[in-house]
Amino acid sequence: MLTLASKLKRDDSLKGSWTPATASDSMRRVSVRDRLLVKEVAELEANLPYEGYYQGGKFQFETEVPDAYNMVPPKVKCLTKIWHPNITETGEICLSLLREHSIDGTGWAPIRTLKDVIWGLNSLFTDLLNFDDPLNIEAAEHHLRDKEDFQNKVEDYIKHYAR
């Protein structure tokens, strides 16, 4: 966020003093994207609830925001090794709103924001009730078969990878 904020400040101070004749639409689009991101990140500063199997863990995510944001979704990957039905151990995430096209109609739409992505990720950590289409089938079956052992494995992963 600091990088985007300082870039926007720098861009604002240069505004009017130098405008290249070849300024492309993509440069303007990036600027709009950056402004959207600064606004959205500022709105995310409210605390998210911490509950469920994964409480106490610190999970890092990498978010790539394409130039065409918010017409296309950001790409998100979990950098922390985790035992989760909808996140693989290599970081791929199954979250319908991160899909550009979704059969159930809950995929990405231009009205969605990074705040929606954060809340969606948060729901993966707090709502483990429905695994209709798990990405990590082994973890989903483990949860259905033995919730206590599943919780022990989650805690073991947190202890080793998410501190």
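Residues numbered from 1 in each chain as written. Predicted model: local features only at pLDDT ≥ 70, side-chain atom pairs only at ≥ 80, totals over all residues. Heavy atoms only, no water.

A.B. asks: Summarise the UniProt feature "active site" (unreviewed entry) in the chain; cite the residues concerned and give the values.
C.D. replies: Summarizing the sequence annotation, UniProt attributes the feature "active site" (unreviewed entry) to Cys94 in the numbering used throughout. With respect to the secondary-structure elements, Cys94 resides in the loop between β2 (75-78) and α3 (114-126). Those residues within four positions of Cys94 in sequence are excluded, and the remaining contacts are Asn86, Arg99, Leu124, Asp133 and Leu135. (UniProt positions renumbered as here; feature names shortened; annotations may be inferred. Helix = DSSP H or I, 4+ residues; strand = E, 2+ residues; numbered from the N terminus. Contact = heavy atoms within 4.5 Å.)

A.B. asks: Run through the environment of Thr90, naming residues and quoting values.
C.D. replies: Within the fold, Thr90 resides in the loop between β2 and α3. Of the residues examined, Thr90 reaches a relative accessible area of 53% and is grouped as exposed. When sequence neighbours within four positions are dropped, the list of residues in contact with Thr90 reads Lys77 and Cys78. Here the side chain of Thr90 touches Thr88 through a polar contact of 3.0 Å, side chain to side chain. For Thr90, the side chain forms a polar contact with the side chain of Glu92, separated by 2.4 Å. (Buried < 20%, exposed > 50% of the residue type's maximum accessible area, 1.4 Å probe, protein only. Polar contact = N/O pair within 3.5 Å; in protein donor to acceptor, adjacent residues only side chain to side chain.)

A.B. asks: A description of the packing of aromatic side chains should follow, citing residues and the corresponding values.
C.D. replies: Counting across every chain of the model gives 8 aromatic pairs. Relative to Phe150, the ring of Tyr53 lies with its centre 5.3 Å away and its plane at 75°, an arrangement referred to as edge-to-face. On the criterion of sequence distance, the pair formed by Tyr53 in the loop between α2 (25-43) and β1 (61-64) and Phe150 in helix α5 (residues 147-161) is long-range, its members being 97 residues apart. When sorted by exposure, Tyr53 lands in the same class as Phe150, which is buried. (Phe/Tyr/Trp six-rings, centres within 6.5 Å; stacked < 30°, edge-to-face > 60°.)

A.B. asks: Quick one: what's the story with the environment of Leu95, residue by residue and with numbers?
C.D. replies: Looking at the secondary structure, you find Leu95 in the loop between β2 and α3. Separated by 12 residues in sequence, Leu95 and Gly107 place their C-alpha atoms 8.5 Å apart. Leaving out residues up to four positions away in the same chain, Leu95 has contacts with Val117, Gly120, Leu121 and Leu124.

A.B. asks: Before we move on, can you summarise the packing of helix α4 (residues 137-145) against α5 with the specific residues and values?
C.D. replies: When two helices pack together, you describe them by how their axes are tilted relative to each other and by the distance separating the axes. Direction vectors running N to C along α4 and α5 enclose 130°, while the axes themselves pass 6 Å from each other. In terms of orientation, α4 lies oblique with respect to α5. Across the interface between the two elements, Ala139, His142, His143, Leu144 and Arg145 from α4 touch Lys147, Asp149, Phe150 and Lys153 from α5. (Axes fitted to C-alpha atoms, helices over the stretch in contact; angles between N-to-C directions. Parallel < 35°, antiparallel > 145°, perpendicular 65-115°, else oblique.)

A.B. asks: I'd love a proper account of the pattern of salt bridges, names of residues and values included.
C.D. replies: Oppositely charged side chains can form a pair if their charged atoms are brought close together. One pass over the full model with this rule turns up 2 salt bridges. With a shortest N-O distance of 3.9 Å, Glu89 and Lys81 are connected by a salt bridge. Judged by relative accessible area, Glu89 falls into the partly exposed class, the value being 34%. Between Arg99 and Asp133 there is a salt bridge, with the nearest N and O atoms lying 3.9 Å from each other. Within this pair, whereas Arg99 is found in the loop between β2 and α3, its partner Asp133 is found in the loop between α3 and α4, the two being separated by 34 residues in sequence. You can call Arg99 partly exposed: its relative accessible area is 32%. (Salt bridge = Lys/Arg side-chain N within 4 Å of Asp/Glu carboxyl O.)

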